[in-house]
Amino acid sequence: MEKLTFYALSAPEKLDRIGAYLSERLSRDVARHRYGYVCIAMEALDQLLMACHCQSINLFVESFLTMVRKLLEADKPNLQILGTNSFVKFANIEEDTASYHRSYDFFVSRFSEMCHSSYEDPDSRTKIRMAGIRGLQGVVRKTVNDELQANIWDPQHMDKIVPSLLFNLQQEEGIERSPSPETEKEKESPVELTERCFRELLGRAAYDNIKNAVKPVLMHLDNHSLWESKTFAVRCFTIIMYSIQSQHSHLVIQQLLGHLDANSKNSARVRAGIVEVISEAAVIEASGSIGPTVLEVFNTLLKQLRLSVDYELTGSYDSFANMGSKVIKVHEERQLQEAVIKTIGSFANTLPTYQRSEVMLFIIGKIPVPGMYPALGSVTAGFQSTNILTALPTSFLDPLLSFTLMEDAEIRLLVLDILISIIDRHDNRHKFSPVRIISDISVLKLKVDKCSRQDNLFMKKHSQRLYRHIYLACKEESSVQRHFESLHTLLGLICVELANEEVVVDLIRLALALQDLALTEEALPVYNRCAIHALSAAYLNLISQLTTVPTFCQHVHEVIESRKKLVPFLLPEDVLVEKVLFVQAKIAEMLGGSGYNTERLATPYIPQITGLTLSLSFKYTETECPVIFLLVLIYVNVEELERERRRQVVERFQTAPFEEIAAHCGARVSPMLSHVIDTCSISLSLSLLDRPPPSPSGSVGNGHGRSHSVPVYEMKFPDLCVY
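Parameters at a glance
- Residues numbered from 1 in each chain as written.
- Predicted model: local features only at pLDDT ≥ 70, side-chain atom pairs only at ≥ 80, totals over all residues.
- Heavy atoms only, no water.
- Helix = DSSP H or I, 4+ residues; strand = E, 2+ residues; numbered from the N terminus.
- Buried < 20%, exposed > 50% of the residue type's maximum accessible area, 1.4 Å probe, protein only.
- Contact = heavy atoms within 4.5 Å.
- Polar contact = N/O pair within 3.5 Å; in protein donor to acceptor, adjacent residues only side chain to side chain.
- Core = buried A, V, L, I, M, F, W, Y, C linked by side-chain atoms within 4.5 Å.
- Expected span 1.5 Å × (residues − 1).
- 1 Å grid on protein atoms, 1.4 Å probe; cavity = no way out; pocket = protein on both sides within 12 Å on 5 of 7 lines; lining within 4 Å.
- Points joined across faces, edges and corners; volume = space filled by probe spheres on them.
- Nonpolar A, V, L, I, M, F, W, Y, C, P; charged D, E, K, R; others polar.
- Axes fitted to C-alpha atoms, helices over the stretch in contact; angles between N-to-C directions.
- Parallel < 35°, antiparallel > 145°, perpendicular 65-115°, else oblique.
- Left-handed = near helix turned anticlockwise from the far one by under 90°.
- Phe/Tyr/Trp six-rings, centres within 6.5 Å; stacked < 30°, edge-to-face > 60°.

### Focus: the overall build of the protein chain
- Each helix and strand counted, the protein chain has 29 helices and two strands in total.
- Burial status across the protein chain gives 47% buried among its 723 residues.
- When contacts within the protein chain are restricted to residue pairs at least 6 apart in sequence, those whose partners lie at least 24 apart make up 73%.

Shown next, in the form of structure tokens:
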């Protein structure tokens, strides 16, 4: 070999003939099963290839690749592995000159086939699969940076390479290692080697190649039903997100979103799996460039949320029943909806602060309630918890406050939680719950900072609107204990986070106004009036101790002591507690012990007037509810309410009598139009009075013989009745 190598280096023009000769000898030895000579010839080819880098090496490489191909086509595992090892050595060589006519299509196909080897002997099968993986790695290394080669990123190549790698990535068990490995590299399992090769492949992908590399992954997960188990799908995309260049990560998110849309009518478990992957990928993406996908993510997820609710309400994936064979599983749709909301919340929490207000505005802008669309102007300041003026810009605060007056009690509660989450900058919210009278508030260990200039500006600009909506929220008849607890927390946070002397005075005025409301608003339920009194008492007790005015504190203390003796039901300890309420769980347990069937008792009773109305509810805790999360819950509830409202309107106009429709519309139209409707009603009545009543026989009798009744569609109405 030393003499042969010296001769080849001295006379490089002879290299192609040397290669042709060795190739001929090796082909003959393979055919005659003289495998010892085959190994000698390949060793010679390998050493010459490693030593020679002259311009005439291309013809020698052709002979070399011909022999590698010959070995890979053999049915002997040892020959396949020998050919693969030689190819890998060749792939690591940087050639001085490029080749215009060399093709690697065979090697991609053959190495991919080896990755799926089903050889009977487990040890040989493992070695063949690992050889196939290393071969694919070598093809990628050899071609990825050579512009003269066929593009390895083309779909016809990626559709073979990527599934082959994913197939081996799944083989966590059942593939045995070589019993006596000779080198450290052989100690690797196919799974470990595959993951390393997969990461290298993705790390080499440029901007234009990301789509072709990720699409086969999506197809593989589809074809093998791997979305439902989620674990492997999440692992794949975790590898992808950490392996690609960070500035390209938004492209992966876009593909996942598109794939979610494409599976809109697939089962809820499949969609939930895709959503779970998006959730994991979005968290990783936040460390890189988020790119233009922010609103696209929320738009797609909100659309899927709306579709899932529709599927649950209608019981079908398609209104035309083409998908009738698929049965909607309500519990799976609920799980999907919770997964979507969780994903929206987790993704929003990874956004830079300047984008959060935009996302909040976007979500509110998607809520289809007339008159509540916000002005979606650009937000110049970011979402900063230290600066309330920028955390709650007017464009966001106005529509948010509007929701505090909605009829739906759950939405009002969610909006209160949003305001609390934004205003609470020192983690004080949990210290105001439960609502109670505390003789010394120092035990709460409230964190109070001096108001900044921005806080003072915010209160000067928005305080009156805040007070007004808190006051009106207390007037809502459907408010329950949790509403009053949230209102107390909101008032307490305003007091410790945003209060100066002027604000303190206004807050005392508000507390006294609430007391007057409870005294004068006789239409309010008794519980609400007592709860408002209790709220006012607890808040005045808090604010009096924060102001540290002895006489003020003394007055509040005297009133509270008097209430304890005379009217304890006006204090929070007697009103805003659960011990005065009947507990469903305890009642069910007691009845169940006496032989009653208590299954239906677990379902709250809801009066049904115009048909079945399904409501969507989610369990959450304060610690698990970021602002975006709460906004999405509002979005879901309002979407459902709006659909139900539209259905009721259509049903009313289809079934109600004309007089009822006219009376309903008359209360909402202008005086002139109301006059027209009244005239129509009078004209219609006079027209009907001129006609004799119809007889059972289908004719009318007026004393002048028999005449046929006139069908309604042929009646001639006065002009005023046509509008």
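### Describing the side chain of glutamate 497
- One can find glutamate 497 in helix α21 (residues 481-497).
- At 3.0 Å, the side chain of glutamate 497 and the side chain of histidine 426 are in polar contact.
- The contact partners of glutamate 497, leaving out residues within four places of it in the chain, are Ile423, Asp424, Arg425, His426, Asn428, Cys451 and Asp455.

### Quick notes on the nonpolar core
- In terms of nonpolar packing, the biggest core is built from 187 residues, with Phe107, Phe198, Trp227, Phe237, Phe298, Leu392 and Leu631 touching the most fellow members.
- The dominant element in this core, judged by the number of residues it contributes, is helix α23 (residues 526-547), at eleven residues.

### A few points about helix α22 (residues 501-520)
- Taking 1.5 Å of rise per residue, 20 residues should cover 28 Å, and α22 covers 29 Å from first to last C-alpha, within 8% of that figure.
- For α22, the full list of buried residues reads Val503, Val504, Asp506, Leu507, Ile508, Leu510, Ala511, Leu514, Leu517 and Ala518.
- Those residues of α22 hidden inside the fold are in contact with α20 (453-474), α21, α23 and α24 (550-566).
- At the N-terminal end of α22, a side-chain oxygen is found 3.2 Å from the backbone nitrogen of glutamate 502, two or three residues along, and the residue is asparagine 500.

### Observations regarding empty space enclosed by the protein
- The final tally for this structure, using the stated rule, is five cavities of 30 Å³ or more.
- Here the largest cavity is characterised by a volume of approximately 80 Å³.
- For the lining of the largest cavity, a count of residues per class yields seven nonpolar, two polar and two charged.
- Lining the second largest cavity, in full, are Ile133, Leu136, Gln137, Val140, Ile161, Leu165, Cys197, Glu200 and Leu201.

### Notes on helix α15 (residues 330-349)
- Helix length check: α15 (20 residues) gives 29 Å between terminal C-alpha atoms against 28 Å at 1.5 Å per residue, within 8%.
- All buried positions along α15 are accounted for by Glu332, Glu333, Leu336, Gln337, Ala339, Val340, Ile341, Thr343, Ile344, Gly345, Phe347 and Ala348.

### Considering the packing of helix α14 (residues 294-314) against α15
- Between α14 and α15, the shortest axis-to-axis distance is 10 Å and the interhelical angle comes to 160 degrees. Compared by their axis directions, α14 and α15 come out roughly antiparallel. Helix-helix and strand crossings are classified by hand; for α14 and α15 the assignment is left-handed. On α15, the residues touching Val294, Val297, Phe298, Leu301, Leu302, Leu305, Ser308, Val309, Tyr311 and Glu312 of α14 are Val330, Glu333, Arg334, Leu336, Gln337, Val340, Ile341, Thr343, Ile344, Phe347 and Ala348.

### A word on the packing of aromatic side chains
- Considering all chains together, one arrives at eight aromatic pairs under this definition.
- Centre to centre, the rings of phenylalanine 87 and phenylalanine 111 are 5.4 Å apart; their planes meet at 55 degrees, and the pair counts as tilted. One end of the pair, phenylalanine 87, is in helix α5 (residues 77-91); the other, phenylalanine 111, is in helix α6 (residues 105-115), with 24 residues separating them in the sequence. We note that phenylalanine 87, like phenylalanine 111, is buried.
- Note on tyrosine 104 and phenylalanine 107: the rings are 6.2 Å apart at their centroids and 50 degrees apart in plane angle, and the pair reads as tilted.

### Considering unusual backbone geometry
- With an omega of 0 degrees, the peptide bond between serine 433 and proline 434 qualifies as cis.
- Mapped onto the secondary structure, proline 434 falls in the loop between α19 (409-423) and α20.
- Unlike most non-glycine residues, histidine 33 shows phi in positive territory, near 60 degrees.
- In this structure, histidine 33 sits in the loop between α2 (15-31) and α3 (35-51).
- At serine 225, a residue that is not glycine, the phi angle is positive and equals roughly 50 degrees.
- For serine 225, a relative accessible area of 51% translates into the label exposed.

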